[in-house]
Amino acid sequence: MKVSKRQAKELGLVTPPKEKRKRVRGVKPPTPPKVLPSTGTAERVTLPIPPSANHLYPTNRQGRRYMSGEYHDWREACHPTIRTMRAAQRYPVVVHIRLTGQVRNMGRDVANLEKATTDSLVSCGVLIDDKLKYVRGVYPHYEPDDGPERIEVWFVEPESVG
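### Topic: the overall build of the protein chain
- Summing up its helical and strand segments, the protein chain has three helices and four strands in all.
- Shown N-terminal to C-terminal, the secondary structure of the protein chain runs as helices and strands in the order α-β-α-β-α-β-β.
- For the protein chain, the share of sequence-separated contacts (at least 6 apart) that also reach a separation of at least 24 residues comes to 84%.
- When the accessible area of the protein chain is evaluated, it comes to approximately 12,000 Å², of which 53% is carbon and sulfur surface.

### Structural notes on the packing of aromatic side chains
- Summed over all chains, the structure comprises three aromatic pairs.
- Ring geometry for Tyr71 versus Trp74: centroids 6.4 Å apart, planes at 20 degrees, classification stacked. Of this pair, Tyr71 and Trp74 both sit in helix α2 (residues 69-82), three residues apart, roughly one helical turn.
- The exposure class assigned to Trp74 is buried, which follows from its relative accessible area of 6%.
- Ring geometry for Tyr91 versus Tyr134: centroids 5.3 Å apart, planes at 85 degrees, classification edge-to-face. With a gap of 43 residues between them, Tyr91 in the loop between α2 and β2 (93-100) and Tyr134 in the loop between α3 (114-123) and β3 (135-143) connect regions that are remote in the sequence.
- By relative accessible area, which is 18% here, Tyr134 ends up buried.
- Cluster of aromatic residues (ring-pair linked, three or more members): Tyr57, Tyr71 and Trp74.
- If you follow Arg44 out to its NZ or CZ, it ends over the ring of Trp154, 4.0 Å from the centre.

### Remarks on the environment of Glu149
- The residue Glu149 is located in the loop between β3 and β4 (150-156) in this model.
- Under the relative-accessibility criterion, Glu149 is labelled partly exposed at 23%.
- Separated by 46 residues in sequence, Glu149 and Val103 place their C-alpha atoms 5.6 Å apart.
- Within the structure, Glu149 has its side chain in polar contact with the side chain of Arg104 (distance 2.8 Å).

### Brief notes about α3
- Counting buried positions along α3 gives seven out of 10 residues, so the element sits mostly inside the fold.
- For α3, every residue scored as buried is listed here: Ala116, Thr117, Thr118, Asp119, Ser120, Leu121 and Val122.
- Lining the buried residues of α3 we find α2, β2, β3 and β4.
- One or two steps after α3, the chain reaches Gly125, where phi turns positive at roughly 85 degrees.

### As for the pattern of salt bridges
- Counted under the stated rule, the structure contains 10 salt bridges.
- A salt bridge links Glu149 to Arg104; its shortest N-O distance comes to 2.8 Å. Here the residue Glu149 occupies a position in the loop between β3 and β4, and Arg104 occupies one in the loop between β2 and α3, the gap between them amounting to 45 residues.
- Each of Glu43, Arg86, Arg90 and Glu157 takes part in one network of salt bridges that share partners.

Analysis parameters
- Residues numbered from 1 in each chain as written.
- Predicted model: local features only at pLDDT ≥ 70, side-chain atom pairs only at ≥ 80, totals over all residues.
- Heavy atoms only, no water.
- Helix = DSSP H or I, 4+ residues; strand = E, 2+ residues; numbered from the N terminus.
- Contact = heavy atoms within 4.5 Å.
- Areas by Shrake-Rupley, 256 points an atom, 1.4 Å probe, with all protein chains shown as cover.
- Phe/Tyr/Trp six-rings, centres within 6.5 Å; stacked < 30°, edge-to-face > 60°.
- Buried < 20%, exposed > 50% of the residue type's maximum accessible area, 1.4 Å probe, protein only.
- Lys NZ or Arg CZ within 6 Å of the ring centre and 35° of its normal.
- Polar contact = N/O pair within 3.5 Å; in protein donor to acceptor, adjacent residues only side chain to side chain.
- Salt bridge = Lys/Arg side-chain N within 4 Å of Asp/Glu carboxyl O.

Structure representation (structure tokens):
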């Protein structure tokens with residue numbers, strides 16, 4: 001025996017459709033964070049030097065981009081350390097990356113430290129995102145010393161208002 005949609009609804013055989021939330025024009029509903037915030041407490045961390053931004057995602061013969069092995073290994077080595085950093089509470093932040101040590105390649109572009117480092121801060125939950133809304137600037141700088149090559153990473157939150 002066939003039942004019409006109206007009869008099925010009257011008999012309680014059909015669950016009513018979910019109510020659609022009315023969306024206010026120009027206002028997006030809040031999106032949940034991509035990653036849970038970091039629960040660490042460290043203010044700054046010291047990491048090995050990341051691969052150059054030019055070598056993070058090479059292209060294969062079919063024209064597709066993929067994560068390089070060097071970048072994958074760096075992420076695997078650094079993410080446990082980055083997760084010890086505390087999550088930012090106020091935005092936008094300023095990220096500092098200090099390259100120190102006896103750098104072997106003095107022709108290296110210091111700006112190529114930014115991409116891998118900020119992406120890792122986001123994927124470890126230290127920053128919500130690396131968009132301009134959340135990061136006011138990234139300042140890489142070089143300070144030579146007698147130690148091994150390394151980078152030191154920290155961020156500065158804006159002063160609280162009031």
